Amino acid sequence: MDKNAAESTKGIYGQVRQFRDKPDLSSELSFEELRNKFDTSAPQAARKEIASNPATHGSATRQVVSGKIFKKCKSATFQIDGATYTIVASPPGGAGAPREEAPRPPPPPAPRNGTPPSQHGSLIENQQGALTIVRRSSSRSKAESCSTPTDEQLDSLDLDTEHLPAVDTPDACDKAALRLRYLLRQLNRGEISAETLQKNLQYAAKVLEAVYIDETKRLADEDDELSEVQPDAVPPEVREWLASTFTRQLATAKRKSDEKPKFRSVAHAIRAGIFVDRIYRRVTSTALMQFPQDVIRVLKTLDEWSFDVFALHEASSGAPVKYLGYELLNRYGMIHKFKVPPTILENFLGRIEDGYCKFNNPYHNNLHAADVAQTVHYMLCQTGLMNWLSDLEIFATLVAAVVHDFEHTGTTNNFHVMSGSDTALLYNDRAVLENHHISAAFRLMRDEECNILQNLSREEFREFRTLVIDMVLATDMSFHFQQLKNMRSLLTLAEPTVDKSKAASLILHCCDISHPAKRWDLHHRWTMSLLDEFFLQGDKERDLGLPFSPLCDRNNTLVAESQIGFIEFIVEPSMGVCADMLECILGPLHSGGKGPNSSAEPINEESAASEPSKFKIRKPWVACLSDNKKIWKEQAAKDAEARAKQEEENNIVPPTTEE
């Protein structure tokens, strides 16, 4: 480091430079003496910051040893606060052996905090030659970290909480353990202030929560909540269906969640203000996409929970995805924000619609795609979730909802696996359909005429793709119980931090299974369509000589009982966890006092009057679930009575005639 650079260095580097320039550091000092002098004589602020910030170790030490004090050293190794450094000196060019022959330590591993290696080890050139400093490790030895701290260590402990390591790093556990021991001793002596105690206990609590989250992820097994269902709670056939559909036997690798951009209140408030102007704008104002008047009339109720997608299907002449998808992306400003050409978007939605109609499925068709997309819109808009997400995250969420069942075959993943389909072979029996939906949708977007992502930057595309993959894969019903279990565990923490990808994934999954939470006439129609699709699969299984999948035998299916089980054990718990998650996420935003520009301000329930401090969202699905379950129970009682009567008639033996 030259003189000008040294003079311009500030903060910790300036303090170390001042220590380096002290006259008592002669070139005759041994390395051990130098190390002791640095550990005992350096400015306290310098040593404290070097100890608490691993990113400064290499740079700070580099300045200490870059003078003539190491002129006679060829190599040396020392430690500062558990970080091991190796210094190798090479002679200057032309003096002795060439520089390339100097022994070089291996490059350091990439640090945990993502700091470039150049900050931990560097080659320094000056008139005396070159010094290569390599930071070997930032963690203490196993014996040191596991040993009981001595009285001397406790006495020298500084309880300052300003420069502690991040709570999710290995060093944080050591720091917290040491501080807890020290706090216990000081409490016994009565020598600690309440403020210091509070700050250190808060830090230790956050460390424990981080460890708990890591351990929960590591120890998460394939246990599901069906083990808590009493054997006689549902018929065996319904229980078998629940087990085969919403649990899985083969565990998949857990993916590490990526850090998402933090909430930016100013940017999102501006977007919310724009949303106010756009949300009630007539769709006919769009330049290149003209909406039929019947479609405009139906879309006026788009913000309702029990939106009638069947009416939209009729009004749009069988193209609900085209008009609803275009309307949603336009309302949220995605077309303008990400420069999506209207004709390209229209082509994309048309091809997506064609893919949903490819197999003429009674249930998994373009109607279902439009229904799920509208339900996701309700969750984004009417709860205020859109204020928590970035524009790109909203864009990915809406597109994921539109494509989540693209080119569905009308059969289950289990059918593909049992029949050995090409798709099952391609995706190795894991999330067979979900993988295909994602792959086929992104393959479609490679077509220039359908590439709605053509104006995204490389970084935006990668984040968009990752989000869509995470969300669509989460609609695999075999992940259901694990997904709910993980979210419940997270929400029990004192200060839960919900990952945006996980939140959006749970939202899409709940919307995908939400038809029992809609108005009865809509729910009943969806149920009959789904059973038709199940029965068609059962017919294929019979033809292939495969055993019937649960609820797929058209001659032996308990319709009412299956829907009661579906509501009680799947939909109700899912919507409950989803609501808890939304209130956890949006509570701080609501209490922060959003301005009038936030049109998606959540509305408190009337029941919240008794708990004014607790934020609540409206839950229209609660009443629908209760009403629908009541109707199904009445139907189940009638069906049971009819079956009993039929069995009684079948058991009557006709009288024999006497000859």
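Quick notes on the rules
Each chain carries its own residue numbering, running from 1 in the written order of its sequence. Per-residue local features of the predicted model are confined to residues with pLDDT of at least 70, and side-chain atom pairs are confined, for both listing and counting, to 80 or more; whole-chain, interface and lining totals are unaffected and use all residues. Note: side-chain values were computed over all heavy atoms of the structure, leaving out hydrogens and water. Numbering of helices and strands starts at the N terminus; helices are DSSP runs of H or I of at least 4 residues and strands are runs of E of at least 2. The buried label applies to any residue whose accessible area, calculated with a 1.4 Å probe on protein chains only, is under 20% of its type's maximum; exposed applies above 50%, and partly exposed to all values in between. Only heavy atoms matter for contacts: two residues are in contact if any of them lie within 4.5 Å across the pair. In this description, accessible areas are obtained by the Shrake-Rupley approach with a 1.4 Å probe, and a residue is regarded as covered only by the protein chains that are shown. Side-chain atoms within 4.5 Å link the members of a nonpolar core, which is a set of buried Ala, Val, Leu, Ile, Met, Phe, Trp, Tyr and Cys residues. Expected span of a helix: the number of residues minus one, times 1.5 Å. For this text, the term disulfide refers to a pair of cysteine sulfurs within 2.5 Å. The pairing test for Phe, Tyr and Trp rings, Trp by its six-membered ring, is centres within 6.5 Å, and the orientation test on the planes gives stacked under 30 degrees, edge-to-face over 60, and tilted for anything in between. By definition, being over a ring means that NZ of Lys or CZ of Arg is both within 6 Å of the ring centre and within 35 degrees of the ring normal. Orientation is described by lines fitted to C-alpha atoms, with helices fitted over the stretch in contact, and by angles between N-to-C directions that extend from 0 to 180 degrees. Any angle that falls under 35 degrees is termed roughly parallel, while one over 145 is termed roughly antiparallel, one within 65 to 115 roughly perpendicular, and all others oblique. In this scheme, a crossing is called left-handed if the near helix is turned counterclockwise away from the far one by less than a right angle; it is called right-handed if the turn is clockwise. Ten residue types, Ala, Val, Leu, Ile, Met, Phe, Trp, Tyr, Cys and Pro, are classed as nonpolar, four, Asp, Glu, Lys and Arg, as charged, and the remainder, Gly among them, as polar. What pLDDT expresses is the predictor's confidence in each residue, scored from 0 to 100.

Q: So what exactly am I meant to see when it comes to the overall build of the protein here?
A: Regarding its fold elements, the protein presents 27 helices and 4 strands. Split into buried and exposed, the 659 residues of the protein put 47% on the buried side. When contacts within the protein are restricted to residue pairs at least 6 apart in sequence, long-range pairs at least 24 apart make up 74% of them. Only carbon and sulfur atoms are counted for the fraction: they give 51% of the accessible area of the protein, which is about 33600 Å².

Q: I tried to follow unusual backbone geometry on my own but got confused; where do I start?
A: Of all residues except glycine, most have a negative phi; of all peptide bonds, most are trans. In this structure, Asn-360 is a non-glycine residue whose phi angle is positive, near 55°. Mapped onto the secondary structure, Asn-360 falls in the loop between α16 (342–356) and α17 (366–381). The phi dihedral of Asp-429 is positive, around 65°, even though this residue is not glycine. Counting through the fold element by element, Asp-429 comes out in the loop between α20 (422–426) and α21 (432–444). Its relative accessible area of 39% is what places Asp-429 among the partly exposed residues.

Q: Please clarify how the nonpolar core should be interpreted in this entry.
A: Nonpolar side chains tend toward joint burial in soluble globular proteins. Ranked by size, the top nonpolar core spans 126 residues in total, and within it Phe-348, Phe-395, Ile-452, Phe-464 and Trp-621 carry the most contacts. Take this core: its biggest share by element is 16 residues, from helix α26 (residues 559–591). Filtering out sequence-adjacent residues up to four positions away, Phe-464 remains in contact with Leu-392, Phe-395, Ala-396, Val-399, Phe-442, Leu-453 and Leu-456.

Q: For this particular structure, what's the right way to read α21?
A: Owing to its 3.6 residues per turn, the α-helix aligns residues three or four sequence positions apart on the same side. Helix length check: α21 (13 residues) gives 18 Å between terminal C-alpha atoms against 18 Å at 1.5 Å per residue, within 8%. Counting buried residues along α21, 10 of its 13 residues qualify, which places the element largely inside the surrounding structure. The secondary structure elements touched by the buried residues of α21 are α16, α18 (391–403), α19 (413–419), α20 and α22 (458–473).

Q: Which parts of the structure should I look at to understand the state of the cysteines?
A: A full pass over the atoms with the stated rule returns 0 disulfides. Sulfur of Cys-510: no disulfide; nearest cysteine sulfur belongs to Cys-578 and is 4.3 Å away.

Q: In this structure, what is going on with the packing of aromatic side chains? I would like to understand it.
A: Geometrically, a pair of aromatic rings is defined through the distance of the ring centres and the angle of the planes. In the structure shown here, the tally under the stated rule is 12 aromatic pairs. Arranged with centres 5.2 Å apart and planes meeting at 65°, the rings of Phe-291 and Tyr-323 form a pair that is edge-to-face. Of this pair, Phe-291 sits in the loop between α11 (265–279) and α12 (293–299) while Tyr-323 is found in helix α14 (residues 320–331), placing the two residues 32 residues apart along the sequence. Note on Phe-291: relative accessible area 5%, which makes it buried. A ring pair is formed by Phe-310 and Trp-526, whose centres lie 4.8 Å apart and whose planes are at 45°; its orientation type is tilted. Of this pair, Phe-310 sits in helix α13 (residues 309–315) while Trp-526 is found in helix α25 (residues 520–544), placing the two residues 216 residues apart along the sequence. A single burial state applies to Phe-310 and to Trp-526, both of which are buried. A network of ring pairs unites the aromatic residues Phe-338, Phe-395, Phe-442, Phe-461 and Phe-464 as a single cluster. Cation over ring: Lys-500 sits above Trp-388, and NZ or CZ is 5.4 Å from the ring centre.

Q: Is there a simple way to think about the side chain of Gln-537 in this case?
A: Position of Gln-537 relative to the elements: it lies in helix α25. What makes Gln-537 buried here is its relative accessible area of 2%. Leaving out residues up to four positions away in the same chain, Gln-537 has contacts with Gly-410, Thr-411, Thr-412, Phe-415, Ser-549 and Cys-552.

Q: So what exactly am I meant to see when it comes to α22 here?
A: The terminal C-alpha atoms of α22 lie 22 Å apart, and with 16 residues this matches the ideal 22 Å at 1.5 Å per residue to within 8%. Those residues of α22 that fall on the buried side of the exposure criterion are Phe-464, Leu-467, Val-468, Asp-470, Met-471, Val-472 and Leu-473. At its buried positions, α22 is contacted by α18, α21 and α24 (500–512).

Q: It is not clear to me how the environment of Lys-629 should be interpreted in this structure. Could you clarify?
A: In this fold, Lys-629 is placed in helix α27 (residues 620–651). The exposure class of Lys-629 is buried, given its relative accessible area of 17%. Separated by 61 residues in the primary sequence, Lys-629 and Glu-568 have C-alpha atoms spaced 8.3 Å apart. Those residues in contact with Lys-629 that sit more than four places away from it in its chain are Ile-567, Glu-568 and Glu-572.

Q: Help me understand the environment of Leu-398 in this model?
A: As for its placement among the helices and strands, Leu-398 is situated in helix α18. For the pair formed by Leu-398 and Leu-508, sequence separation is 110 residues and the distance between their alpha carbons is 9.4 Å. Setting aside its immediate chain neighbours within four residues, Leu-398 contacts Leu-328, Leu-329, Tyr-332 and Leu-380.

Q: What is the right way to look at the packing of α17 against α18 in this model?
A: With their axes 8 Å apart at the nearest point, α17 and α18 run at an angle of 155° to one another. Between α17 and α18, the angle falls in the class roughly antiparallel. The way α17 lies across α18 gives a crossing that is right-handed. Contacts between α17 and α18 involve Ala-369, Val-372, Ala-373, Val-376 and Leu-380 on the former and, on the latter, Ile-394, Thr-397, Leu-398, Ala-401 and Val-402. The residue makeup of the contact of α17 with α18, split by class, is 9 nonpolar, 1 polar and no charged.

Q: Is there a simple way to explain the environment of Leu-183 in this structure?
A: Checked against the element boundaries, Leu-183 lands in helix α8 (residues 170–189). Separated by 13 residues in the primary sequence, Leu-183 and Thr-196 place their C-alpha atoms 9.3 Å from one another. Apart from the residues within four sequence positions on either side, Leu-183 is in contact with Leu-159, Ile-192, Leu-197, Asn-200 and Leu-201.

Q: Explanation requested: the confidence of the model for the protein in the structure shown.
A: Per-residue pLDDT for the protein averages 76, and the proportion of residues at 70 or more is 64%. Low pLDDT (under 50) marks residues 94–128, which in the prediction has 62 contacts with non-local residues, meaning those over four places away or in another chain. This stretch, residues 249–266, has a pLDDT under 50; its non-local contacts, to residues over four places away or in other chains, come to 28 contacts.

Q: Sorry, what's going on with the packing of α22 against α24 here?
A: How two helices sit against one another is set out by the angle between their axes and by the gap between those axes. The geometry of α22 relative to α24 is characterised by a closest axis approach of 8 Å and an angle of 45° between their N-to-C directions. Taken together, the axes of α22 and α24 are oblique relative to one another. As for the relative orientation of α22 and α24, their crossing is right-handed in sense. Taken together, the residues of α24 that come into contact with α22 (itself represented by Leu-467, Asp-470, Met-471 and Val-472) are Ser-501, Ala-504, Ser-505 and Leu-508.

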